[in-house]
Amino acid sequence: QCTNVSSLDEKAASGSLTGYIGFDATATSLHAGSLVQIMMLHWLQQTGHRPIALMGGGTTKVGDPTGKDSQRQLLTDSEISLNISSIKKAFDPFLDFSDGPTGALMLNNDDWLSALNYVEFLRDFGTAFTINRMLNFASVKLRLERESPLTFLEFNYMLMQAYDFYELNRRFECNLQLGGSDQWGNIVNGVELCRRKQSVEVFGLTTPLLTTASGKKMGKTESGAVWLNADELSPYDYWQYWRNSEDADVG
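Chemist: I keep staring at the overall build of the protein and nothing clicks. Help me out?
Modeler: When helices and strands are counted, the protein shows 11 helices and seven strands. Dimensions along the principal axes, computed over C-alpha positions, put the protein at roughly 50 × 50 × 35 Å. Partitioning the contacts of the protein with sequence separation of at least 6, the portion at a separation of at least 24 is 77%. Accessible area of the protein: about 13,300 Å², with a carbon and sulfur share of 51%. In the protein, 21 positive and 30 negative side-chain charges are present, and the distance between their average locations comes to 5 Å.

Chemist: When you look at the sheet that holds strand S3 (residues 105–108) in this model, what are you seeing that I'm missing?
Modeler: Picture the strands of a sheet paired through backbone hydrogen bonds; they go either parallel or antiparallel. Within the open sheet, the five strands sit side by side as S3-S2-S1-S4-S5. Their pairing is parallel. Single-partner strands in this sheet number two, and they are S3 and strand S5 (203–207). Taking each pair of neighbouring strands and ignoring which way they run, the sheet shows an average axis angle of 30 degrees. Each of strand S1 (18–24), strand S2 (50–56), S3, strand S4 (176–180) and S5 touches helix H9 (residues 157–172); the most contacted strand, S1, lies at about 145 degrees to it. Across the sheet, helix H10 (residues 184–198) lies against S4 and S5, angled at about 170 degrees from S5, the strand it touches most.

Chemist: I'm lost on unusual backbone geometry in this one. Help?
Modeler: Glycine aside, a negative phi is what most residues show, and trans is what most peptide bonds show. In this model, Glu 173 sits at a positive phi of 55 degrees, which is unusual for a non-glycine residue. The topology assignment puts Glu 173 in the loop between H9 and S4.

Chemist: I keep staring at the pattern of salt bridges and nothing clicks. Help me out?
Modeler: Opposite charge on two side chains lets them pair, provided their charged atoms get close. Taken as a whole, this structure holds seven salt bridges when the rule is applied. As a salt-bridge pair, Lys 61 and Asp 110 come within 3.0 Å of each other at their nearest N and O atoms. Pair noted here: Lys 61 is in the loop between S2 and helix H3 (77–87) and Asp 110 is in helix H4 (residues 110–113), with a separation of 49 residues, a long-range link. Here Asp 182 makes a salt bridge to Lys 217, at a shortest N to O gap of 3.9 Å. Note that Asp 182 is positioned in the loop between S4 and H10 and Lys 217 in the loop between S5 and strand S6 (220–221), a separation of 35 residues in sequence. Given the relative accessible area of 52%, Lys 217 is considered exposed. Within this structure, Lys 61, Asp 77 and Asp 110 form a network of salt bridges that share partners.

What counts as what
What you see as residue numbers is a count from 1 along each chain, following the sequence as written. Totals for whole chains, interfaces and linings use every residue, but because this is a predicted model, local features are given only for residues with pLDDT of at least 70 and side-chain atom pairs only at 80 or more, for both listing and counting. Side-chain descriptors were evaluated using all non-hydrogen atoms of the structure, hydrogens and water having been removed beforehand. Put simply, DSSP marks the helices as runs of H or I at least four residues long and the strands as runs of E at least two long, and each gets a number from the N terminus on. Contacts are assigned to residue pairs that have any heavy atoms within 4.5 Å of one another. Using a 1.4 Å probe, the Shrake-Rupley method yields the accessible areas, and only the shown protein chains count as cover for residues. The positive count covers Lys and Arg only, the negative count covers Asp and Glu only, and His and the chain ends enter neither. Throughout, a charge is located at the NZ atom of Lys, the CZ atom of Arg, the CG atom of Asp or the CD atom of Glu. Should DSSP find at least two bridges between two strands, the strands are taken to pair. Comment: axis = line fitted to C-alpha atoms, over the contacting stretch for helices; angle = value between 0 and 180 degrees taken between N-to-C directions. Any carboxyl oxygen of Asp or Glu that lies within 4 Å of a side-chain nitrogen of Lys or Arg is treated as forming a salt bridge with it. Each residue gets one of three labels from its accessible area relative to the maximum for its type: buried under 20%, exposed over 50%, partly exposed in between, using a 1.4 Å probe on protein chains only.

On their own, these measurements won't tell you what the molecule is for.
What follows is the structure, encoded as structure tokens:
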């Protein structure tokens, strides 16, 4: 999905884009599904644009309700920091972080989220979101339909993710947010916030999730997730996971 594919195509062909993807630090490694997103940043850079890998040091403290029936386990600041330093290793083979107009950036949204004054934030940005619209997002609707508790803390997540796009646009002229299809609602929020607060057109683009032929997310086994870091899952076991995939899933 894309918010305005013809305009994005025109902008990409006529100059350099800056695009980002957010990665929450809920574990010491990203998993196989995240590799699709890392490759999006890789190809963005290969085609002359600037990628930003945004570490969710701030948003991890809240937890993304998307695709969950219950609240994520809350981590301490030190646990989140350790996770971020470990996750960074997954990007090195795919992104060039050297100086230059297309050099990749690795940022942490805790740098601006933890500095926010809550009352000021609500006054300045809370008016840009309606509860009616937020209740219609799939991540919220699914929780409510299943009568699973959705905490007020988690309900703030979509405001925080939208604010990330606003800050990146303001600080780095970032004009594209990429993500998996389950992030569509959050991404559209950020696009609209930039339009309202900055009077600029920015873009959202999502990719299909990595799924099996039956539609189930790939990257999980009976023994756990298919981690990208070699110290979490050996290269041998990583290879075996793909080697043993069902024929219907190979495509």
